[in-house]
Amino acid sequence: MIFQQRITSIFMTIGAAFALAACGSSVKLDDVPVRDATSTQISTPVAVTSTMPQGTQTGVAERNVQAVNVSPTAGDAAGPAGVAKVILFDYDSYVIKPEYQSAIDAHAKFLTANKGRKMAIEGHTDESGGREYNLALGQKRAEAVRRALGLLGVVDAQVEAVSFGEEKPADAASNEQAYAKNRRAELNYK
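All values reported here derive from a predicted model rather than from experimental measurement.

Undergrad: What exactly am I supposed to notice about the overall build of the chain here?
TA: Looking only at helices and strands, one finds 4 helices and 6 strands in the chain. If you list the helices and strands of the chain from N to C, you get α-β-β-β-α-β-α-β-α-β. For the chain, the residues scored as buried account for 31% of the 190 residues in total. Summarising the internal contacts of the chain: among those between residues at least 6 apart in sequence, 71% fall at separations of at least 24.

And the structure:
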């Protein structure tokens, strides 16, 4: 009986290890290729800094997270006219696509000309992946847009990057078209 319990325990441990390994992703969330607006080459990856105290593990429940007040009317505040306020991303990626560079440029020009204006960049993901991973990926998407704006002269104090992960889908359907709409960063002026 004890032998059978040990065998069962060993197989359950091995099964759990395989399940956790299957949930992994090859995306390195610590390296962000940032495109310099003055050249067409991708610069070396930029190290990502965390607001979490050193030694804090990702799975720990206590975090230094501040609430972001994004009211429904905050997104309605005027920004540059006729410029996209949603940046879409590829699956499992936080690299800004070249077709959104003109929108990033327009938002950067608007913010540098209006130093009193502030923006919240909301990072979102589709429902693929676990909750923690999606929150991290959403944050990386928001941070990628924030860094791109910073390279164009926008002051860090004007921009706040926050992640909602999969919690606020643009399209609630469970198909590839909906997932493509949900992999995004939204730029909302305050």
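Undergrad: Quick question: what am I supposed to make of the nonpolar core here?
TA: Note on soluble globular proteins: their nonpolar side chains tend to be buried together. Counting residues in hydrophobic clusters, the biggest one holds 23 residues, and the most contacted among them are Ile87, Ile96, Ile121, Val145 and Leu149. When residues of this core are traced back to their parent elements, those giving at least two are helix H2 (101-113), strand E4 (119-124), helix H3 (131-151), strand E5 (159-165) and strand E6 (184-189). Apart from residues lying up to four places away in sequence, Ile121 is in contact with Ala142, Val145, Arg146, Leu149, Val159, Glu160, Ala161, Val162, Ala185, Glu186 and Leu187.

Undergrad: Help me understand the sheet that holds E4 in this model?
TA: Sheets are built from strands that pair by backbone hydrogen bonding, the pairs being arranged parallel or antiparallel. Reading across the sheet, the 4 strands line up as E3-E6-E4-E5 and stay open at both edges, with mixed pairing between neighbours. Each having just a single partner strand, strand E3 (86-88) and E5 make up the two edges of the open sheet. Geometrically, the sheet is characterised by an average inter-axis angle of 20° between neighbouring strands, direction not taken into account. Bridge analysis of E4 against E5 gives 6 bridges, and the strand direction is parallel. Residue pairing across strands places Glu122 opposite Val162, the latter belonging to E5. Packed onto the sheet, H2 meets E3, E4, E5 and E6 and runs at close to 25° relative to E6. In the packing of H3 onto the sheet, the strands contacted are E3, E4, E5 and E6, and the crossing angle to E5 comes to about 155°.

Undergrad: What's the story with the packing of aromatic side chains in this structure? I'm lost.
TA: Two aromatic rings, taken as a pair, are described by how far apart their centres are and by the angle between their planes. Using the criterion set out here, one finds 1 aromatic pair in the structure. Here Lys168 stacks its cationic end above the ring of Phe164, 4.2 Å away from the centre of that ring.

Undergrad: Before we go on, may I ask you to explain the pattern of salt bridges in this structure?
TA: In a structure, side chains of opposite charge can pair up when their charged atoms sit close to one another. Per the stated rule, a full pass over the model turns up 9 salt bridges. Between Arg131 and Glu167 there is a salt bridge, and its shortest N-O distance comes to 3.7 Å. Note that Arg131 is positioned in helix H3 and Glu167 in the loop between E5 and helix H4 (176-182), a separation of 36 residues in sequence. Put simply, Lys190 and Glu160 hold a salt bridge, and the shortest N to O gap is 2.8 Å. Linking Lys190 in the segment after E6 with Glu160 in strand E5, this pair joins segments that are 30 residues apart in sequence. Glu160 gets classed as partly exposed once you look at its relative accessible area, which sits at 29%. Linked through salt bridges whose partners overlap, the residues forming this network are Asp126, Glu176 and Arg183.

Undergrad: Help me understand the packing of H2 against H3 in this model?
TA: Angle between the axes and distance between the axes are the two parameters that describe a pair of packed helices. One way to put it is that H2 packs onto H3 with a least axis distance of 9 Å and a crossing angle of 60°. The orientation of H2 relative to H3 falls into the category oblique. You can see that H2 and H3 cross each other, and the crossing is right-handed. Contact residues: H2 offers Ile104, His107, Ala108 and Leu111, while H3 offers Val145, Ala148 and Leu149. Of the residues belonging to the contact of H2 with H3, the class tally is 6 nonpolar, 1 polar and no charged.

Rules used in this analysis
- Residues numbered from 1 in each chain as written.
- Predicted model: local features only at pLDDT ≥ 70, side-chain atom pairs only at ≥ 80, totals over all residues.
- Heavy atoms only, no water.
- Helix = DSSP H or I, 4+ residues; strand = E, 2+ residues; numbered from the N terminus.
- Buried < 20%, exposed > 50% of the residue type's maximum accessible area, 1.4 Å probe, protein only.
- Contact = heavy atoms within 4.5 Å.
- Core = buried A, V, L, I, M, F, W, Y, C linked by side-chain atoms within 4.5 Å.
- Pairing = 2+ DSSP bridges.
- Axes fitted to C-alpha atoms, helices over the stretch in contact; angles between N-to-C directions.
- Phe/Tyr/Trp six-rings, centres within 6.5 Å; stacked < 30°, edge-to-face > 60°.
- Lys NZ or Arg CZ within 6 Å of the ring centre and 35° of its normal.
- Salt bridge = Lys/Arg side-chain N within 4 Å of Asp/Glu carboxyl O.
- Parallel < 35°, antiparallel > 145°, perpendicular 65-115°, else oblique.
- Left-handed = near helix turned anticlockwise from the far one by under 90°.
- Nonpolar A, V, L, I, M, F, W, Y, C, P; charged D, E, K, R; others polar.

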